[in-house]
Amino acid sequence: MRHIISILIENESGALSRVSGLFSARAFNIESLTVAPTEDPSLSRMTIVSIGSDDVIEQITKQLNKLIDVVKVVDLSEAAHIERELMLVKVRATGKDREEMKRVADIFRGRIIDVTESTYVIELTGAGSKLDAFLEAIDTSLILETVRTGVCGIGRGDRILKV
Amino acid sequence: MQLTGAEIVIRCLQEEKVEHVFGYPGGSVLFIYDELFKQDQVKHILVRHEQAAVHAADAYSRSSNKTGVCMVTSGPGVTNAVTGIATAYMDSIPLVVISGQVPTAYIGQDAFQECDTVGITRPCVKHNFLVKDVKDLAVTIKKAFYLAKTGRPGPVLVDVPKDVTVQKCEFSYPKTISMRSYNPVVKGHAGQIKKAVQLLLDAKRPMIYTGGGVILSDAAEKLTKLVRMLGFPVTQTLMGLGGYPATDRQFLGMLGMHGTVEANMAMQECDVLLAIGARFDDRVIGNPSHFSEVARKIVHIDIDPSSISKRVRVDVPIVGNVPEVLDELIRQLEAAEARPDEKHLAAWWKKIDEWRGRNCLRFKQGKEKIMPQYVVQTLYEVTGGDAFVTSDVGQHQMWAAQYYKFDKPRRWINSGGLGTMGVGLPYAMGVRFANPKATVACITGEASIQMCIQELSTAKQFRLPIKIVNLNNRYLGMVRQWQEMFHGNRYAESYVDALPDFVKLAESYGHVGMRIDKPADVEPAIREAFTKHKNDLVFMDFITDQTANVYPMVAAGKGLSEMILAEDL
């Protein structure tokens, strides 16, 4: 099963490598990992998407908790949550494709943020599956470049991850 | 008062009441060594290789429950120390390792004797630090000692760049430390303990299985009280030996790959299992799915939540420090009116005694060749079972665990998790520094001993009267055993050729050497070593039977009840 794990970790140098090192050392899988400081600059928030059986996910959360710099760990996918990912896609936009590309981007609520005579850069935000769907909706041969941030997530309602 | 970083390091060690530091100087720690020189509260033990410094500090801790401290220089000093650190990490031994680093401005420039110490050691420490500012030095060392000893213990490394040891700042050593990200659980959940009590009282075929956690948390007395109170059988892992008196009837011997028939069978066939400070590792329960084929309820007490339900699903997890949990467990058992069912328990003991009747550790000592088991047994008898015994890794380690009966904790010192050959001699050194009057024997083999043989020099410098029991079979014995059993007798690279004359070697270092090749000479030689040469290091080179194998044996990937016994062959 796919899980979204959120971590609050001391914003120290090497914190990211402690987490990524743990995943590789114990053969845990990482689909994506994002990290940035929080409103409290002494803390970073990390979102890790991993796929594994319940036993493996249990081990992942326990092992993460065991890291000395980790303050809190929560498996967002255990309850209602929101996930978002940002993608920038550079596409070839010439001739009849130019109008079509604009239309598909609109349908997905994407924004065109860079325009040249022959290309667009489209900015798209949403759950990972929505971004996948967009890439499937356009002609693959027109995709010049894609870059994705990886998933970040937050619990719904009163579920709050804070020190 | 303004102190330099080097002065601060030493002051911190003094504040922590550190008596011995094992180490090796070098360029980046010169200022620290200069400060060591100027005082005499902290004694430095100069080893001959950094690996031995860490092993010695490790055994110092294992045999005393103090935190071991070692000091190494940057680059190769650290890389040499890595094996020692990983060894301590796998067995959860509290260590503080202080390593020198190149000056901060040089970090990342591929400077002379530079390595990414924090990066290299990260996977084998409980935590590590790079101190970039002298103002952080004292609090970091305080954290290192705190982290090493609390929760599940482990090695903590503090990397100190050379310029930091020169910079000055106001020194004050924090009395206490609190970290928002680190709060190990100590007390067990009373509700979970209640469930455990119920299961134990309802058990028909109960079993208690304990590991290194009992030793590390000094819970042997409490464990003994609990086991006697319940009247249940108890077995121990390699790391747990000494946690319960081995000469007691309720002790079934060690379990696992080379465990006794009674321990392994009872482990497999019990209906309620109480696991305490143990982690169900592959050498202990063999194939986890085979183990899980039998329906049984498992109660697991451990300070590390990640050890629970890692390899085997557990029914009643209890996270907490073993002594605190045992106190509560005993309290609740005493308060409970019910007692374990006598009739079922008697039937269970009858079954266990049948397994025990197989006498799986018996061996034949003839007149010609010395059997290695006989040497260990004789050592046990001559020392009255009261020695500190260190071992290296391999067949001799298993024989030591099987035939030396440990009645007390912290007497059996070996590398269980990492299985590091070469630890035996530096371990014996560390034990002797922590227990200056103790009888210390190192059971080793001709291959293992050569991995840290240079420490014979350290042992001479510090007059350490270690008794080395070298079970010399001219083979990498355990490798040879596996090759015989699983690789069609193809002894690839397991014959140890061109061995030194160990007697002369020991003598060249200024020690006493003995070569024993007849069974009749075994006992007199050991007696002589412990009486006439009481104050000397004695290297006893026992020329043993080359074909002896360790039995029983559970082959890798097999189930606990699928043992190969000596009698089957």
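What comes next is a walk through the structure. (Residues numbered from 1 in each chain as written. Chains lettered and ligands numbered in written order. Predicted model: local features only at pLDDT ≥ 70, side-chain atom pairs only at ≥ 80, totals over all residues. Heavy atoms only, no water.)

What about the overall build of chain A?
Of the regular secondary structure elements, chain A holds four helices and nine strands. Contacts in chain A between residues far apart in sequence, at least 24 positions, make up 73% of those at least 6 positions apart. When the accessible surface of chain A is split by element, carbon and sulfur atoms take 52% of a total near 8,500 Å². Computed over 21 positive and 25 negative side-chain charges, the separation of the two mean positions in chain A equals 2 Å. (Helix = DSSP H or I, 4+ residues; strand = E, 2+ residues; numbered from the N terminus. Contact = heavy atoms within 4.5 Å. Areas by Shrake-Rupley, 256 points an atom, 1.4 Å probe, with all protein chains shown as cover. Lys, Arg positive; Asp, Glu negative; His and termini not counted. Charge placed at Lys NZ, Arg CZ, Asp CG, Glu CD.)

Comments concerning the overall build of chain B
For chain B, the helix and strand inventory stands at 22 helices and 20 strands. What you see for chain B is a C-alpha radius of gyration of 24 Å, in line with the 25 Å of a compact globule of 569 residues. Along the first, second and third principal axes, the C-alpha atoms of chain B reach 70 × 60 × 45 Å. Burial analysis of chain B (569 residues in total) assigns 61% to the buried set. A fraction of 77% describes how many contacts in chain B between residues 6 or more apart in sequence connect residues 24 or more apart. Averaging the locations of the 65 positively and 62 negatively charged side chains of chain B gives two centres separated by 3 Å. (Rg over C-alpha atoms; globule rule 2.2 N^0.38 Å. Buried < 20%, exposed > 50% of the residue type's maximum accessible area, 1.4 Å probe, protein only.)

Regarding the sheet that holds strand β2 (residues 32-37) of chain A
Residues and elements named next belong to chain A. Reading across from one edge, β2-β3-β1-β4 is the order of the four strands in this open sheet, with antiparallel pairing throughout. The outermost strands of the open sheet, each flanked by one partner alone, are β2 and β4 (70-75). Here the strands of the sheet are splayed against their neighbours by 15° on average, with no regard to which way each runs. Examined bridge by bridge, β2 and strand β3 (residues 43-51) share six bridges and lie antiparallel to one another. Within the sheet, the bridge partner assigned to A36 lies in β3 and is R45. Running at roughly 15° to β3, helix α1 (residues 15-25) makes contact with β1 (2-10), β2 and β3 of the sheet. (Pairing = 2+ DSSP bridges. Axes fitted to C-alpha atoms, helices over the stretch in contact; angles between N-to-C directions.)

Comments concerning the pattern of salt bridges
A complete count under the given rule lists 38 salt bridges over all chains for this structure. Across the salt bridge formed by A:R148 and A:E85, the nearest N and O atoms sit 3.1 Å from each other. Note that A:R148 is positioned in strand β8 (residues 143-148) and A:E85 in strand β5 (residues 81-92), a separation of 63 residues in sequence. For A:E85, a relative accessible area of 6% corresponds to the buried category. For A:K90, the salt bridge is made with A:E145, and the minimal N-O distance between the two is 3.7 Å. With A:K90 in strand β5 and A:E145 in strand β8, this pair connects stretches of sequence that are 55 residues apart. Here A:K90 falls in the partly exposed class, since its relative accessible area comes to 32%. Residue classification places A:E145 among the partly exposed positions, given a relative accessible area of 47%. Several salt bridges converge on common partners, so that one network encompasses A:D55, A:E58, A:K62 and B:R313. (Salt bridge = Lys/Arg side-chain N within 4 Å of Asp/Glu carboxyl O.)

Brief notes about helix α10 (residues 220-230) of chain B
An α-helix turns once per 3.6 residues; consequently, residues spaced three or four apart project the same way. All names here are of chain B. Within the sequence span of α10, burial applies to A220, L223, T224, L226, V227 and L230. Down the axis of α10, the buried set is contained in an arc of 165°. They therefore lie on one face. At the exit of α10 stands G231, carrying a positive phi of roughly 75°. (Arc of directions from axis to C-beta.)

Considering the sheet that holds strand β3 (residues 43-46) of chain B
All names here are of chain B. Pairing within the open sheet is parallel, and its six strands lie in the order β3-β2-β4-β5-β7-β6. Taken across any chain shown, the strands that pair with only one partner, and hence form the sheet edges, are β3 and β6 (127-130). The mean angle between the axes of side-by-side strands here comes to 20°, regardless of whether they run parallel or antiparallel. Sheet analysis places strand β5 (residues 95-101) next to strand β7 (residues 155-161), joined by seven bridges and oriented parallel. For V97, the partnering residue across the bridge sits in β7 and is L157. Here helix α3 (residues 50-62) sits on the sheet and contacts β2 (20-23), β4 (68-72) and β5; the angle it forms with β4, its principal contact strand, is near 170°. Lying over the sheet, helix α6 (residues 137-149) contacts β4, β5, β6 and β7, oriented at roughly 165° with respect to β7.

A few points about the interface of chain B and chain A
The partner chain A presents 19 residues to the 19 residues of chain B that form the contact. Contact between chain B and chain A buries roughly 1,600 Å² in total, counting both sides, with carbon and sulfur atoms accounting for 43%. Taken together, the connections running from chain B to chain A amount to five salt bridges. The shortest N-O distance in the salt bridge between B:D304 and A:K66 comes to 2.8 Å. (Buried area = accessible area lost by both parts, 1.4 Å probe.)

Describing helix α4 (residues 76-90) of chain B
Residue and element names in this part refer to chain B. The terminal C-alpha atoms of α4 lie 22 Å apart, and with 15 residues this matches the ideal 21 Å at 1.5 Å per residue to within 8%. Approximately 40° is the largest bend angle found in α4, and it occurs at V82. Listed in full, the buried residues belonging to α4 are G77, V78, A81, V82, G84, I85, A86, T87 and A88. Looking one or two residues beyond α4, the residue adopting positive phi is S92, at roughly 55°. (Expected span 1.5 Å × (residues − 1). Bend = angle between axes of the 7 residues up to and from the residue.)

Considerations on a nonpolar patch on the surface
Residues and elements named next belong to chain A. A cluster of nonpolar side chains, contributed by L86, L88, I113 and V147, occupies part of the molecular surface with about 290 Å² of accessible area. Among the secondary structure elements, I113 is positioned in strand β6 (residues 111-115). Residue I113 is classed as partly exposed on the basis of its relative accessible area, which comes to 43%. (Patch = residues over 30% accessible without salt bridge, like charges linked within 9 Å, V, L, I, M, F, W, Y side chains within 5 Å.)

Quick notes on the packing of aromatic side chains
Residue and element names in this part refer to chain B. Going through the model one piece at a time under the given rule, you end up with 18 aromatic pairs over all chains. Each ring, one from Y380 and one from Y404, has its centre 5.1 Å from the other, and the planes form 85°; the classification is edge-to-face. Of the two residues, Y380 sits in helix α16 (residues 372-382) while Y404 sits in the loop between α17 (395-403) and β16 (412-413), which places them 24 residues apart along the sequence. Judged on exposure class, the residue Y380 and its partner Y404 are both buried. Taken together, the ring pairs in this structure connect F22, Y60, F433 and F462 into an aromatic cluster. (Phe/Tyr/Trp six-rings, centres within 6.5 Å; stacked < 30°, edge-to-face > 60°.)

Things to note about the nonpolar core
Ranked by internal contacts, the top residues of the largest apolar core, which has 102 residues, are B:I276, B:L329 and B:F542. Formed by 49 residues, the second largest nonpolar core is a distinct cluster that contains B:V82, B:F433, B:C442 and B:L537. (Core = buried A, V, L, I, M, F, W, Y, C linked by side-chain atoms within 4.5 Å.)

Considerations on the environment of A:I160
Relative to the elements of secondary structure, A:I160 occurs in the segment after β9 (152-155). With 86 residues separating them along the chain, A:I160 and A:V74 place their C-alpha atoms 9.8 Å apart.

What about the side chain of B:Q332?
Residues and elements named next belong to chain B. Here Q332 is to be found in helix α14 (residues 322-335). Overall, Q332 belongs to the buried group, its relative accessible area being 14%. In this structure the side chain of Q332 is engaged in a polar contact, spanning 3.4 Å, whose partner is the backbone oxygen of A190. A polar contact of 2.8 Å, which involves the side chain of Q332, links it to the side chain of E328. (Polar contact = N/O pair within 3.5 Å; in protein donor to acceptor, adjacent residues only side chain to side chain.)

From the geometry alone we can't say anything about function, so treat these as descriptive.
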